[in-house]
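# Secondary and tertiary structure notes
Spelled out from the first residue to the last, the chains are:
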Amino acid sequence: MDTTRSATTVNGKPGILLVEDNPADVRLTVEALRDANAHSRMDIVRDGVEAMAFIRGVGKYAGSPRPDVILLDLNLPRKDGRAVLREMKADPDLRCIPVVVLTSSEADEDVCAAYQLCANCYISKPVKLEKFLIVIQSIEHFWLHVAKLPQGGGRA
Amino acid sequence: MVAGPVKAIGRGVSHVKGRLAGLRIRLIALVLLALGPALLLNVYTYLEQRRLALREVEANVRRLARFAAASEQQIIQSGHQLLVTLSRLPEVRNAAAHADAHAHAHACKSLFRDLLDHQEARGYANIGLIRADGQVLASAIDLPQAPGARNLGDRGYFRKALESGEFAVGEYQVGRITGKPSLNLAYPVLDDAKEVVSVVFLAINLEWVGRLAAEVDLPPGSTVLVLDRHGVILAGQPAGEGYVGRSAADTVFGKVVVERKPEGTIAGPGLDGVESLFGFRVLGGEPGAGGSGGVYVLVGLPRSAVTAAANRMLSRNLLALALIALLAVAAAWKGGEWFIFRHVRAMVAAARRLAGGDLKARTGVGHTNTELGELAAAFDDMAGALQMDEAEQRQLEHVLRESEARFRSVFQLSSAAILLADDRGRVISCNEASEALFRYGPGELDGLPLTEIMPQRYRDAHQAALQRIASGEPPRLINSAASLELHGLKRGGVEFPMRLSLGSWHSDGRRFYSGIVLDSTDVKRAEEQLRTVNATLERRVIRRTADAERRARELERSNGELEQFAYVASHDLQEPLRMVASYVQLLERRYKDKLDADAGEFIGYAVEGAQRMQGLINDLLAYSRVGSRGKAVSAVDLEAVLSSTLSNLTVAIDEAGARVTHDPLPTVPGDAVQLGQLLQNLIGNAIKFRGERPPLVHVAAERKGDEWVCSVRDNGIGIDPEYAGRIFLIFQRLHARSAYPGSGIGLAVCKKIMERHGGRIWVESVSGEGATFFFTLPAAQVAPAEGDEAD
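### Focus on the packing of aromatic side chains
All names here are of chain B.
- Counted under the stated rule, the structure contains 7 aromatic pairs over all chains.
- Centre to centre, the rings of W762 and F774 are 5.4 Å apart; their planes meet at 15 degrees, and the pair counts as stacked. In this pair, W762 is assigned in strand 21 (residues 761–765) and F774 in strand 22 (residues 771–778), connecting sequence segments 12 residues apart.
- Across the ring face of Y458, the terminal group of R457 is positioned such that the distance to the ring centre comes to 5.0 Å.

Okay, structure coming up:
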């Protein structure tokens, strides 16, 4: 464990990691946050492998700050969201980072599986734009401004 | 001819003999025995009485004797006095002093004579005077002619008085002068010179003895005797009888004289022969003193008088005792009869009757708490028990006979061959069917060893088994539910397949076997055929099963593929949809100012299209899952499903102001989730397709045969019967989407759910007056599953 990695805030702003392979959705999410004038950074990775590297701060992401909250799509190339979730929650160092599963599926089994893997919550992307924007903003607002997150990245 | 009576007599005698030893006699003997002590007591008392009486008599006679002696002493005393007086008389003095005695002697004699006459009563026999030389000077009684009588010089009393000069008492002797027994007293006469010149004597006769008897008032039959020391009777009372002077030395009195006891008693026959008790006492001073002793007075009382009273009493008592004994015997006789023999006879009679076969015989004696009563009770109980036993026995016999008859009928008429064998393996009984089966004639199987009807190869094992069981090993194949498949051997050597059921029982310590043989030749043949047919069928079945399995697997596979396809499809289809919708909307937002109203409308349609597409995809997914994702059938409580459905529909119900009612709903076998979906669709529809009035929905269930017919009735817009079938098809809608939303898949899902549950669904409706959707569910009993499988 790299103990030198500081707490999340860089430039005083909390960081969101968006794990999403669909550029359209990425753009939408970015737009949503911009609309809300959110005081937060967002980092983007395209698949599960990148996601783990970023979270761990290894490889090309060495030195990158730990995210405060992770928005995780389930269907990802290479390593899919479920695997990322499983890996994160199995790692005592990483399991305290809140993970919001953000996916288009409404299927019960997906919901169940996500919670079984200890996802912090499950959001299904609304079709309507308005709703989508509200959801994204709510997530950002709730997780970064309402909920208390562990200091020091939650390291024991 | 004679024999008869003789025999009868003999019988009678032995009868009597028997009776003598009988109870009655013994009882009477006991009673008499009881009286024994009384008798003994009487005898003892009598003896005691007699003894006492005798003692009294003894005392009496002694007293009398003493009295006699005392009387004698008195007489002697008075005699003494007289003699003293006489000795002083001048006549007397003179008579001796002068030689001229005659005149004086005469005077004396007269004097003496006078005195004597007056003294008669006193019992003086003689008064006289004797000169010192012994010559009798004077005597009141005339001297007898015998010369010896004139001189009494040798007399003891004379000599004593002469020599002692004092009063002397002589012996009892027969006086020479008087000739009677008397006692002489003498007193010396002194002259002036105080010399004894003569002796005056007094002869006392023994008549005082007789007087004594009268004075003392002796009882009749008493005797008084005076004996001298030689045993000669000097005097006696009763007088007469002529025994005076006789010697009694050889009688019992002689003993007295000889023994010389001063006083005592002696018993013996009196002179008159009567047994008497004599008391005796010596008279006249001490015996041996001067020789005048040894004279005894005896007073005798007849024994009979003595014992008379005692004897009387005894006889009285004995009489009374005899009377009592008689009464006792009579009482015993009667009492025995009443209390004992009567009952005994009754019991004997009852016993005889019982022995003779009359089991109803009873003693008739009361069952009191006495010995006989108890005996009678015991007897009656025994008789009762015997009677019951006999009745029981008869019943048992009856049952036994019936059982035997039943057995016989089964045994003989059975078409199965039944054989009974003993422990040595020999047939003891068999029925006709077995004879026919084994081809033996009637009775030819009896006694045959079982080995005769079994093939050679079984015989050793059979014998060994018999041995084992005989030596105590418990049999294994006997009485087991299964029968043995063996072969039997008919006469002539023909083997045939058979089934054997073995049984065994014990009787009188011996073991018996029973076997039921069924000829299974036909059965075997049929079995063979069956096997062939079965084999063929099996092969076919296997082939078909393999086919079916293959098909089922393919089906499963295709189902799985389908499901996966549906899942993936819905996912992958959702995303582009979203993209289309989202970006179109984004466009609208970003470039709102630059767009006109038309553009807005166009965008609206585009977005709407995308949304509908999403709805359709979800519905299709749900539809596809009805068949494939169902849970296992379990008992579903429709009421519970309804209430959870209603809570799901709360918003819709409230918005519509709807009221949902229901009848009691049953528990049916099914899939709870899917049935929930069904109800939700139907009730949702009922609320959605409402008219002007607030919707009223009623859910009901009615049992018809072995299924439940449930219904959801509403008061909405109703359905045109023409379309009643079409509405269950997928995506069929009857109204504009703008009027009533929905994809048109709800009822199709309901139908699929019903098909899965083995039920039907249909609708009855009149346009404008609401609709009632009916669906059936089986009413089969399903036990609630122990735990539903996890989905």
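What follows picks up the thread again.
### Considering the pattern of salt bridges
- In the structure shown here, the tally under the stated rule is 39 salt bridges over all chains.
- Measuring nitrogen to oxygen at the nearest pair gives 3.8 Å for the salt bridge that ties R34(A) to E31(A). On the criterion of helical spacing, the pair formed by R34(A) and E31(A) is a turn pair, its members being 3 residues apart in helix 1 (residues 23–36).
- Classification of R34(A) as exposed rests on a relative accessible area of 53%.
- Where E575(B) meets R578(B), a salt bridge forms, and the shortest distance between an N and an O atom there is 4.0 Å. On the criterion of helical spacing, the pair formed by E575(B) and R578(B) is a turn pair, its members being 3 residues apart in helix 12 (residues 521–590).
- Judged by relative accessible area, R578(B) falls into the buried class, the value being 1%.

### Quick notes on empty space enclosed by the protein
Residues and elements named next belong to chain B.
- Taken as a whole and assessed by the stated rule, the structure comprises 3 cavities of 30 Å³ or more.
- In this model, the largest cavity occupies a volume close to 60 Å³.
- Contributing to the lining of the largest cavity are N126, L152, R155, Y157, G175, R176, I177, T178, S182, N184, F201 and A203.
- For the lining of the largest cavity, the secondary-structure elements that each account for two or more residues are strand 4 (181–190) and strand 5 (196–205).
- Along the lines of polarity and charge, the residues of the lining of the largest cavity split into 5 nonpolar, 5 polar and 2 charged.
- Of the pockets and cavities examined, the second largest cavity occupies roughly 40 Å³.

### Some details on a positive patch on the surface
Residue and element names in this part refer to chain B.
- The grouping of R539, R540, R543 and R544 at the surface amounts to a positive patch.
- Relative to the elements of secondary structure, R540 occurs in helix 12.
- On the basis of relative accessibility, which here comes to 42%, the residue R540 falls in the partly exposed class.

### Here we look at the side chain of N685(B)
- On the secondary structure map, N685(B) appears in helix 16 (residues 672–688).
- Not counting residues within four places of it along the chain, the set of residues in contact with N685(B) comprises Q680(B) and L747(B).

### Quick word on the nonpolar core
All names here are of chain B.
- In this structure, L86, F112, I127, L129, Y172, V200 and V226 are the most contacted members of the largest nonpolar core, which totals 48 residues.
- In terms of residue count, the dominant contributor to this core is helix 2 (residues 23–88) (13 residues).
- Not counting the four nearest positions on each side in its chain, I127 is found in contact with L82, L86, F112, L115, L116, A138, S139, A140, F201 and L202.

### What to know about the interface of chain A and chain B
- At the junction of the two partners, chain A supplies 25 residues and chain B supplies 17 residues.
- Of the roughly 1,900 Å² buried at the junction of chain A and chain B (both faces included), carbon and sulfur atoms supply 46%.
- Contact with chain B buries area across many residues of chain A, yet S104(A), V127(A) and L129(A) alone supply 32% of it, more than any other trio.
- Between the two partners, chain A and chain B, sit 3 salt bridges.
- Among the ionic pairs, R578(B) bridges to D25(A), the shortest N-O distance being 2.8 Å.

### Examining the packing of helix 16 of chain B against helix 17 (residues 746–756) of chain B
Residues and elements named next belong to chain B.
- The interhelical angle for the contact between helix 16 and helix 17, taken along N-to-C directions, is 145 degrees, at an axis separation of 9 Å. As for the relative orientation of helix 16 and helix 17, their crossing is left-handed in sense. Of the residues in helix 17, those touching helix 16 at Q674, L675, Q677, L678, N681, L682 and N685 are G746, L747, V749, C750, I753, M754 and R756.
- Looking at side-chain class alone, the contact of helix 16 with helix 17 contains 8 nonpolar, 5 polar and 1 charged residues.

### Quick notes on the sheet that holds strand 5 (residues 121–124) of chain A
Residues and elements named next belong to chain A.
- The strand order 2-1-3-4-5 describes an open sheet built from 5 strands, whose pairing is parallel. A strand with exactly one partner marks an edge of an open sheet, and here the two such strands are strand 2 (41–45) and strand 5. Sheet twist, expressed as the mean angle between neighbouring strand axes with direction ignored, is 20 degrees.
- Against the sheet, helix 5 (residues 129–146) contacts strand 1 (15–19), strand 3 (69–72), strand 4 (99–103) and strand 5, and its axis sits at roughly 175 degrees relative to strand 4.

Calculation notes
Residues numbered from 1 in each chain as written. Chains lettered and ligands numbered in written order. Predicted model: local features only at pLDDT ≥ 70, side-chain atom pairs only at ≥ 80, totals over all residues. Heavy atoms only, no water. Phe/Tyr/Trp six-rings, centres within 6.5 Å; stacked < 30°, edge-to-face > 60°. Helix = DSSP H or I, 4+ residues; strand = E, 2+ residues; numbered from the N terminus. Lys NZ or Arg CZ within 6 Å of the ring centre and 35° of its normal. Salt bridge = Lys/Arg side-chain N within 4 Å of Asp/Glu carboxyl O. Buried < 20%, exposed > 50% of the residue type's maximum accessible area, 1.4 Å probe, protein only. 1 Å grid on protein atoms, 1.4 Å probe; cavity = no way out; pocket = protein on both sides within 12 Å on 5 of 7 lines; lining within 4 Å. Points joined across faces, edges and corners; volume = space filled by probe spheres on them. Nonpolar A, V, L, I, M, F, W, Y, C, P; charged D, E, K, R; others polar. Patch = residues over 30% accessible without salt bridge, like charges linked within 9 Å, V, L, I, M, F, W, Y side chains within 5 Å. Areas by Shrake-Rupley, 256 points an atom, 1.4 Å probe, with all protein chains shown as cover. Lys, Arg positive; Asp, Glu negative; His and termini not counted. Charge placed at Lys NZ, Arg CZ, Asp CG, Glu CD. Contact = heavy atoms within 4.5 Å. Core = buried A, V, L, I, M, F, W, Y, C linked by side-chain atoms within 4.5 Å. Buried area = accessible area lost by both parts, 1.4 Å probe. Axes fitted to C-alpha atoms, helices over the stretch in contact; angles between N-to-C directions. Left-handed = near helix turned anticlockwise from the far one by under 90°. Pairing = 2+ DSSP bridges.

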